[in-house]
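Each chain, written out:
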Amino acid sequence: MKQKISLPPLMRRLLWPLLIVLVFAGVLLQDRLQLWYYNPARTNPDKALLLLTTEWCPYCTILRHSLQQSNIPFRELDVETSKEGRLAFRASGARGIPVTLIGQQYVSGGLAPQLKAISDAGYPVVISIPDEVRQRMQPH
Amino acid sequence: MSQFQAVIFDMDGLMLDTERIALACWDQAARIHGYQLDPAIGLGMVGLNTRDCVRWVKSVLGEDFPMEEINVTSRELYHAELDRDTPLKPGLLPLLQWLEQQQIPRVVATSTRHEWAQKKLRKANILDCFQGMVCGDQVSQGKPHPEIFLTAASRIHVEPAACVVLEDSDPGVRGAHAAGMRVIQVPDVKAPSAEVLAFGHPVYPSLQQAHAQLQAWQGLPR
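These remarks concern the structure in this document. Predicted, not measured: the structure shown is a model, and the values here were computed from it.

**Side note on the overall build of chain A**
Across its full length, chain A holds five helices and five strands. Counted from the first residue to the last, chain A has its helices and strands arranged as α-β-α-β-α-β-β-α-β-α. For chain A, the C-alpha radius of gyration of 23 Å lies well beyond 14 Å, the compact-globule estimate for 140 residues. Looking at chain A as a whole, 40% of its 140 residues are labelled buried. Pairs at least 24 apart in sequence give 64% of the contacts found in chain A among residues at least 6 apart. Approximately 9,100 Å² of chain A is accessible, and the part contributed by carbon and sulfur atoms is 60%.

**So, the interface of chain A and chain B**
Listed per partner, the contact involves 21 residues of chain A and 26 residues of chain B. Across the interface of chain A and chain B, roughly 1,800 Å² is buried in total on both sides, 63% from carbon and sulfur atoms. Viewed at the interface, chain B and chain A are joined by zero salt bridges. Summed over the shared surface of chain A and chain B, the result is four residue pairs in polar contact (both at pLDDT 80 or more). Of all the secondary-structure elements, those providing two or more residues to the side of chain A that touches chain B are α2 (58-69), α4 (111-120), β5 (126-127) and α5 (131-137) of chain A. At six residues, α4(A) tops the list of elements feeding residues into the side of chain A that touches chain B. The class makeup of the residues in the side of chain A that touches chain B is 13 nonpolar, six polar and two charged. With two bridges connecting them, β5(A) and strand β2 (residues 36-37) of chain B associate as parallel partners. Counterpart to Val126(A) in the pairing with β2(B) is Gln36(B).

**Topic: the sheet that holds strand β4 (residues 105-107) of chain A**
Residue and element names in this part refer to chain A. Here four strands make up an open sheet; going across it, the order is β2-β1-β3-β4 and the pairing mixed. Across the chains shown, the open sheet's two edge strands, defined by having one partner strand only, are β2 (75-78) and β4. Across the sheet, the axes of successive neighbouring strands diverge by a mean angle of 20 degrees, strand direction being ignored. Taken strand by strand, α2 contacts β1 (49-53), β2 and β3 (99-102), and its axis lies near 155 degrees from that of β1. Relative to the sheet, helix α3 (residues 83-92) contacts β1, β2, β3 and β4, its axis offset from that of β2 by approximately 95 degrees.

**Structural notes on the packing of aromatic side chains**
Within the structure shown, the criterion is met by three aromatic pairs over all chains. The interplanar angle of 75 degrees and the centroid separation of 5.5 Å between the aromatic rings of Phe9(B) and Phe130(B) together place this pair among those described as edge-to-face. Placement of Phe9(B) in strand β1 (residues 6-9) and of Phe130(B) in the loop between α6 (114-123) and β4 (132-135) is noted, with a sequence separation of 121 residues between them. Residues Phe9(B) and Phe130(B) agree in their burial class; the two are buried. For the cation-ring pair, Arg42(A) lies above Trp36(A), with the distance from its terminal atom to the ring centre recorded as 4.2 Å. Against the face of Trp116(B) rests Lys119(B), its NZ or CZ located 4.1 Å from the ring centre.

**Side note on helix α1 (residues 19-32) of chain B**
Residues and elements named next belong to chain B. With 14 residues, α1 should cover 20 Å at 1.5 Å per step; its first-to-last C-alpha distance of 20 Å lies within 8% of that length. On the buried face of α1, the contacting elements are β2, α2 (39-43) and α4 (67-84). At the C-terminal side of α1, Gly-34 shows a positive phi close to 95 degrees.

Conventions we followed
Residues numbered from 1 in each chain as written. Chains lettered and ligands numbered in written order. Predicted model: local features only at pLDDT ≥ 70, side-chain atom pairs only at ≥ 80, totals over all residues. Heavy atoms only, no water. Helix = DSSP H or I, 4+ residues; strand = E, 2+ residues; numbered from the N terminus. Rg over C-alpha atoms; globule rule 2.2 N^0.38 Å. Buried < 20%, exposed > 50% of the residue type's maximum accessible area, 1.4 Å probe, protein only. Contact = heavy atoms within 4.5 Å. Areas by Shrake-Rupley, 256 points an atom, 1.4 Å probe, with all protein chains shown as cover. Buried area = accessible area lost by both parts, 1.4 Å probe. Salt bridge = Lys/Arg side-chain N within 4 Å of Asp/Glu carboxyl O. Polar contact = N/O pair within 3.5 Å; in protein donor to acceptor, adjacent residues only side chain to side chain. Nonpolar A, V, L, I, M, F, W, Y, C, P; charged D, E, K, R; others polar. Pairing = 2+ DSSP bridges. Axes fitted to C-alpha atoms, helices over the stretch in contact; angles between N-to-C directions. Phe/Tyr/Trp six-rings, centres within 6.5 Å; stacked < 30°, edge-to-face > 60°. Lys NZ or Arg CZ within 6 Å of the ring centre and 35° of its normal. Expected span 1.5 Å × (residues − 1).

Printed below as a string of structure tokens:
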């Protein structure tokens, strides 16, 4: 014969709120763990360059083109089309793209500071504008 | 082709061999501020006034690109360089002498600021060769807008259609064309674009050939 477990009245009242709190805490913990796990600053080798970009952003195009033209090796994650990129962008704390990770240091907030930081890190980056961007934006 | 009554001269890159110096100084200034730039970016600024250069570079590289600081450094380097020497383009002096003999008025239309344009022309000993000067800071819209050329023509009371403009850059050629003036292009550091060449104006590698073209338009033997 089954014996019914009876909880004290106070416990019975707190059971559902406690469960809800536990579920939220679990979700939050999972999110934090995921951000920690996917944060490329954790695993990026010293001085290695990683760009967080999108395909359509013009500053991303100029940054990518400049590094390619200067023969500077880099890795790139698309923050829209890859989970890794999306979580890396969240982990960076940046509010806009592109974001450059140099070793373990994120640099964001505009193209110029990122190019300067890359240069200061010892990479001789030559700022270069792709022809299609130049033709579109040239005033003459 | 009918005869012309006045000639409007661009200054940097057309009369003075200074575009090369300006580009080298801009490149050096950018390096001083921690940036290395593709020469194409400097070439993209040829023929534009300072305001339009700043606007263009910031539109491409972002508002936080320290264009103003680089410009200040570049200007210091440039003026130090020009204090040493202000080189003239080959063929300029014979052309100015011929126009003087023909009593054809000459005006300068340059994107450079008035104070500096005057200094440069004085340093090059050709300031007195001109009856007027319209500078980048004296017009509300720079080249390729026609305002600077129309203002230059009105200073000497000559109809735009009776003026010939000598220019090295595409924005200048576009402006002269928009002003309804005849134009001869003598490219300097940057070759004309296909769109500009489509205007069908004469393009010559030196002022000597431009001089011969002007003589031909006046009905004189080349």
